[in-house]
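Spelled out, the chains give:
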Amino acid sequence: MEGMAYGAGKAGGAFDPITFFQQPHTVLRMVSWLFSLVIFGCIANEGYVNRPDEVVEYCVYNRNQNACNYAVGMGTLAFLSCMAFLALDVYFPQISSVKDRKKAVLADVGVSAFWSFVWFVGFCFLANQWQVAKLEDNPLKEGADAARAAITFAFFSIFTWAGQAFLAFQRYKLGADSALFSQDYTDPSQDAAAAPYRGTGSYQQASGDGVFDGSAGYQRQEY
């Protein structure tokens with residue numbers, strides 16, 4: 001990957017939407033975005049039910065409000081997180097500093113690993129509460145499809161976010177091409193005027209004053 005820094009070339013190139021949407025981490029991010037939308041959408045719309053003789057609605061997961069709150073809250077935050085990192089992916093090739101690119105990739109690793117763990121906990125929590133839910137609390141089985149869908153997509157989200165963490169770690173290991181990038185690399189087009197001029201003249205030998213003079217004697221070097 002010559003001339004690449006953390007998975008992208010030098011700053012200043014034109015944005016190519018086709019290439020962008022074909023990148024594996026972009027695909028996984030969009031899939032995770034869709035899954036989070038399904039999770040909080042299902043629970044927000046159909047996750048609260050009541051008995052025929054009740055007016056107040058309770059969470060479909062064993063009447064545990066925390067379960068529904070977890071699904072809706074984490075789904076919303078994951079949705080926003082995906083949007084933020086998709087925006088960062090668009091801007092990433094324009095980042096000229098290698099240090100800033102490194103920070104962005106490390107943030108991607110940490111956030112993706114965090115969300116993979118969050119959805120692992122969410123899957124276990126929702127599946128457990130659905131398993132122990134009482135039939136008499138929901139005799140008509142209202143919202144059952146939505147509840148199962150949220151559990152299923154929470155399970156899938158574990159792997160999509162873990163995949164993002166893995167790909168981000170691969171980009172981190174890739175690092176920067178030391179031959180073309182420095183730790184303080186800036187766009188050459190912004191810096192061309194400041195580059196020092198190097199002459200092409202012939203090599204000049206040192207003057208006679210710099211030639212070794214044997215009269216000074218030999219000085220022993222201590223080791």
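The name given to the protein in an unreviewed UniProt entry is Synaptogyrin, and the organism recorded there is Pygocentrus nattereri. As stated in UniProt under Sequence similarities (unreviewed entry), the record for the protein gives "Belongs to the synaptogyrin family." Regarding the protein, the relevant UniProt record gives this comment under Subcellular location (unreviewed entry): "Membrane".

**Some points on the confidence of the model for the protein**
Atomic detail in the predicted coordinates should be set aside for any region of low pLDDT. Across the protein, pLDDT averages 79, with 71% of residues at or above 70. Throughout residues 178-212 the model reports pLDDT below 50, and contacts reaching past four residues in sequence, or to other chains, amount to 27 contacts. Low pLDDT (under 50) marks residues 214-218, which in the prediction has 0 contacts with non-local residues, meaning those over four places away or in another chain.

**What about the packing of helix 2 (residues 24-46) against helix 5 (residues 144-174)?**
The interhelical angle for the contact between helix 2 and helix 5, taken along N-to-C directions, is 155°, at an axis separation of 8 Å. Between helix 2 and helix 5, the angle falls in the class roughly antiparallel. As helix 2 runs across helix 5, the sense of the crossing is left-handed. Looking at the contact of helix 2 with helix 5, its residues break down into 16 nonpolar, 6 polar and 3 charged.

**Structural notes on the environment of Ala 113**
Mapped onto the secondary structure, Ala 113 falls in helix 4 (residues 98-131). In the structure, Ala 113 is positioned 51 residues away from Gln 164 in sequence and 8.0 Å away in space, judged by C-alpha atoms.

**Topic: the UniProt feature "transmembrane region" (unreviewed entry) in the protein**
Sites flagged by UniProt as "transmembrane region" (unreviewed entry) map to residues 30-50, 70-92, 104-130 and 150-169. Secondary structure across residues 30-50 divides into 81% helix and 10% strand, with the first and last C-alpha atoms of the span separated by 35 Å.

**Here we look at a nonpolar patch on the surface**
Together, Leu 106, Phe 169 and Tyr 172 line one region of the surface with nonpolar side chains, adding up to about 250 Å² of accessible area. Locating Phe 169 in the fold gives a position in helix 5.

**Observations regarding the pattern of salt bridges**
All told, the structure shown has 7 salt bridges when counted by the stated rule. Among the salt bridges present, the one from Asp 137 reaches Arg 63, with a minimum N-O distance of 3.9 Å. Taken together, the residues span a long stretch of sequence, with Asp 137 in the loop between helix 4 and helix 5 and Arg 63 in the loop between strand 2 (58-59) and helix 3 (65-91) at a distance of 74 residues. On the basis of relative accessible area, Asp 137 is assigned to the buried category, the value being 11%.

Criteria and thresholds
Residues numbered from 1 in each chain as written. Predicted model: local features only at pLDDT ≥ 70, side-chain atom pairs only at ≥ 80, totals over all residues. Heavy atoms only, no water. UniProt positions renumbered as here; feature names shortened; annotations may be inferred. pLDDT = per-residue confidence, 0-100. Contact = heavy atoms within 4.5 Å. Axes fitted to C-alpha atoms, helices over the stretch in contact; angles between N-to-C directions. Helix = DSSP H or I, 4+ residues; strand = E, 2+ residues; numbered from the N terminus. Parallel < 35°, antiparallel > 145°, perpendicular 65-115°, else oblique. Left-handed = near helix turned anticlockwise from the far one by under 90°. Nonpolar A, V, L, I, M, F, W, Y, C, P; charged D, E, K, R; others polar. Patch = residues over 30% accessible without salt bridge, like charges linked within 9 Å, V, L, I, M, F, W, Y side chains within 5 Å. Areas by Shrake-Rupley, 256 points an atom, 1.4 Å probe, with all protein chains shown as cover. Salt bridge = Lys/Arg side-chain N within 4 Å of Asp/Glu carboxyl O. Buried < 20%, exposed > 50% of the residue type's maximum accessible area, 1.4 Å probe, protein only.

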